[in-house]
Structures are given as C-alpha cells and as structure tokens.
Amino acid sequence: MKEHYFFDNASTTWPKPEVVYDTMASAGRELGVNPGRSGYGLAFEAEQMIAQTRRRIGEFFSYRGDPNRVVFSLNATDSLNAALFGVLEPGDHVVTTRLEHNSVLRPLHYLERDHGVSVSYVGSDPEGYVDPEKIRSSVTNKTRMIVVNHASNVLGTVQDIESIGAIAREAGSVFVIDSCQSAGVIPIDFDEACIDLLTFTGHKGLFGPMGTGGMIVREGVAVRPTRYGGSGVDSLSPFQPEQYPYHLEAGTIALPGVAGLNAAQTWFAALGREQAQDRDKALGHTEACRLAQTHIHGVEMRHLMRLDRAFRSLDRVTVHGPATPDRRVSTLSISIEGMAADEAGAILDADYHVCVRAGLHCAPLVHHDLGTVSENGTIRFAPGYFTDDEDVDHAIQAVTEIAGLPKPTGGK
C-alpha cells in the first residue's frame, strides 16, 4: 500500500514537476533579492525573471496584449476580490452563476449588502451546464459585469465561455473568468473568448506553488487598486501609480513563487514539444503549451472515466454531473447512500489512505441545487496528471467496500 493515494488535485496539484521544486530552491538561494527596487545586477536579474514569467503566462492564455498587464497576486481569490471591488460601483448589476466558488460569491454578497450592487444568479441544467441564453436574458442596461466559473470545482463541467464572452462584449459588460479549475488542462484563448479580466491561481493546473496567482487585465479595462503601498516606481506620488503592473501590485513580489510558476511554464512547453507530431518543428510557447494541456487533460480524463464508470455501477453510490467526457475536467463528486460526505472521507483516509475532498467545496449554491447540503456535501475525486492506474484501482476498491458496508439504522 502506498503512503497516500492522492485524489485532491482540484484543491491543489500534487506533486509538482521536480523542476518547480528545484527552481524555487535556487531562486531563494541564488536570486533572493528584492526585484526592481535597486539598480544592482542581481535585482535586475530578478526583475527580468519576473518579466519573463509575465510574458509566458500571457502567452499560455493566448493573451496578445501588454505583458505588464499580467498582474501577480496571492491567489485567485485575491485576484477575484481585486476584480470585483476594483470595477463595481453602487448601482451596478452583475450576472453570475449558481456554480460559483465562494471566492466570487462572498465578495458579491458584500457588494450587494454594503455597496448597492445587485446580482443575478443563473442556474444550470441537471448536469451542471449553463445555457448562455439564460445569461443573455439576465443582462440589463445596468449590467456592469458578467463573472463565470469556467469549470465547476464540484461537477467538473466546463462552460461555453466563448458564447458568454460574446454576450458580454455585445452588452458592453466586463467579462471576468475564474479559471482555477480549467487553467492547465483546457486551453483558453483570451481574445477569442472576449475576456476582459482572467483570474488564475498558480498552485492547481498551472503546477506552481501555493501563494501564487494573478489576473490578466485587458487594455482599456479600468480596475481601481484595492491595495496601496510601495511599488519601486514614482515614489514621490501620494497615490498608487497608474502604470501596470504597479497599479495593482503593492509591495514585494513573491519571487520564489513566481520562479516556481516560471519553471512550470518551462515544463509545460517541454511536455508539449514532446507531444508534437513533428519534433523538428519549432513551436512557440503558446502552441507548445496547448499541446501539453491537451495531453494532460487526456491523461486525467482517462483516469476520471474509469472512476466514473465504476462508481455508477455501485447500487448505493450516486455520481453527480455529466456521464460523458465532453466539456468537463477531471473532477467527480459522489454521494454514498446513508453516509455523510465527511464520514466517508474520513474512512477513505483512515482505512485506505485515499485523499479526497469531502464537504461543500466552498460552493454552497451547487449543493443546494444538488440537494446534498443535508449530507454535508459530496465526496470529490480529482485525479491528476501524476495519478496512476494503481491509484485508480485502489480508489475503486475502497469506494466499493465502503458502499458495501451495512447502512446505519435510520440511514437513507
């Protein structure tokens, strides 16, 4: 038996590519200076690495604008707060979905309660897909923003952001994407999807470290800073500089974390070039990373569909979400009849060393719609690129045995 059978990649990918660990250690030891704050060589070298990472992240998302508008943050939650509080004003209207994570829902609840912003929450079909026309019908002449979770962290469903983005562009609304569950496995074309603000986290599908994330801000989109402080430029000004990225970045950048993101981008590009049919063809970063994402997604979905088929064959197990591999990521939520999600998760951990996320997954409206709140949510399996067949076999055996246990007295 392995020490751990890890199925919590929707929470954070683990392990990371070895180059990420090695590069972070090297950055701390050999490049651990404050970038851009001083004129000496090491500081300039650190700033160059950060600038290269901005370019690579932009290219990864097929963003063709100014790389300085790739802004780093603590994580996607930090970026979503900056996007929502930095754009919306009293009287504005927002259209979002009932599939959103609390990193969207909670800021919107505060904006509704304290700042005079109104919000429409659009539901999905039983499988978890949002009809873009329902988004369109919710738009009013006051709709300042449409914010959408690209892939659900509960059901794994991937929304049609190209159609929704076209609706936002037509309405003159700012289109915000939460890419936490899709970035790294579903290629995103920033311009094709008419995205205005793309938020990302570093530690999930981008295979970077925790405590990293950011936002890409389309030129012409005005975002007020929500943090103020040192920037290393225009120090005489009493206000945050208008110049990007300093407009939205206050204080010292997490240099080892950005170095880890940079290393992960190198890993993506190398993996993509390995997948190319013509190995001699010179591939740019965007194209190589697209090939890598397609490959990673295929590996993850092979594992996911094995779990899906096995779990659907068990009498006491309910699988939530779509039964096909189309338009989804490798996130699978299940319920076991007569057993609360947290109880099942504890048994999987203690008796089988299987690491899953059991609970409401910070997405309460999804669970209200599924009817799983009374069961304390669902049991979420999220295989990753480094999952292997032994992991999947063991998980199937574990759930089969747990589902075969006698139901407690009074259980459902």
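Given the structure is predicted, the values throughout are model-derived calculations rather than measurements.

Moving on: the sheet that holds strand 3 (residues 93-97). One open sheet accounts for seven strands, arranged 2-8-7-6-5-3-4; its pairing is mixed. In the strand order of this sheet, the two ends are held by strand 2 (70-73) and strand 4 (118-122), each with one partner. Here the average twist between neighbouring strands, direction ignored, is 20 degrees. By the bridge criterion, four bridges tie strand 2 to strand 8 (residues 213-217) in an arrangement that is antiparallel. When the sheet's bridge partners are listed, Phe-72 is paired in strand 8 with Gly-214. The sheet contacts of helix 2 (residues 41-60) involve strand 2, strand 7 (197-201) and strand 8, and relative to strand 2 the element is tilted by about 110 degrees.

Turning our attention to unusual backbone geometry. A cis amide bond, omega 0 degrees, links Trp-14 with the succeeding residue Pro-15. Here Pro-15 shows up in the loop between strand 1 (5-6) and helix 1 (18-30). The amide bond that connects Tyr-244 to the next residue, Pro-245, takes the cis arrangement and shows omega of 5 degrees. Among the structural elements, Pro-245 can be located in the loop between strand 8 and helix 7 (255-275). Residue Ser-62 is not a glycine yet carries a positive backbone phi of 55 degrees. Its identity as a non-glycine residue notwithstanding, Cys-362 has a phi of 55 degrees, on the positive side.

Before going further, it helps to spend a moment on the nonpolar core. The tendency in soluble globular proteins is for nonpolar side chains to be buried as a group. Grouped together as the largest cluster of nonpolar side chains are 63 residues, with contacts concentrated most on Phe-61, Phe-175 and Ile-195. At 10 residues, the largest contribution of residues to this core is made by helix 7. Apart from residues no more than four positions distant in its own chain, Phe-175 is found in contact with Ile-146, Val-148, Ile-161, Ile-164, Gly-165, Ala-168, Ala-193, Cys-194, Ile-195, Asp-196 and Leu-197. Grouped together as the second largest cluster of nonpolar side chains are 31 residues, Leu-304, Leu-307, Leu-314 and Ile-379 included.

With that settled, consider the pairing of strand 3. Along strand 3, five of the five residues are buried, which leaves the element largely enclosed by surrounding structure. Side chains of strand 3 alternate between two faces, with His-93, Val-95 and Thr-97 and Val-94 and Thr-96 buried alike. Bridge count for strand 3 against strand 4 is five bridges, and the pairing is parallel. The residue bridging Val-94 from the neighbouring strand is Val-119, located in strand 4. As a crossover connection, the stretch from strand 3 through helix 4 (residues 102-115) into strand 4 is right-handed. The pairing of strand 3 with strand 5 (residues 143-149) spans three bridges and is classified as parallel. Within strand 5, the position partnered with Val-94 by the bridge is Met-145.

Of the two faces of strand 13 (residues 378-381), the one lined by Thr-378 and Arg-380 and the one lined by Ile-379 and Phe-381 are each fully buried. Note: strand 10 (residues 332-336) against strand 13, three bridges, orientation antiparallel. From the neighbouring strand, Ile-334 faces strand 13, where its bridge partner is Ile-379. Two strands pair when backbone bridges link them, and strand 12 (residues 357-359) and strand 13 are joined in this way by three bridges, in the antiparallel orientation. Residue pairing in the sheet places Arg-357 in a bridge with Arg-380 of strand 13.

Thresholds applied
Residue indices follow the written sequence of each chain, beginning from 1 at its first position. Local features in this predicted model are restricted to residues whose pLDDT is 70 or higher, and side-chain atom pairs enter the listing and the counts only when it is 80 or higher, whereas totals over whole chains, interfaces and linings include all residues. For side-chain calculations, the full set of non-hydrogen atoms in the structure is used, while hydrogens and water are omitted. By definition, two strands form a pair when at least two bridges between them are found by DSSP. Under the scheme used here, helices are H or I runs from DSSP no shorter than 4 residues and strands are E runs no shorter than 2 residues, and both carry numbers assigned from the N terminus. Lines fitted to C-alpha atoms define the axes here, with helix axes fitted over just the stretch in contact, and angles between the N-to-C directions of these axes take values from 0 to 180 degrees. Any two residues having at least one pair of non-hydrogen atoms within 4.5 Å are treated as being in contact. Throughout, nonpolar core names a set of buried Ala, Val, Leu, Ile, Met, Phe, Trp, Tyr and Cys residues whose side chains join them through atoms within 4.5 Å. In this scheme, a residue with accessible area under 20% of its type's maximum is buried, one over 50% is exposed, and one in between is partly exposed, where area comes from a 1.4 Å probe on protein chains only. Think of it like this: strands point away, you trace from the first strand over the helix to the second, and a clockwise trace means the crossover is right-handed.

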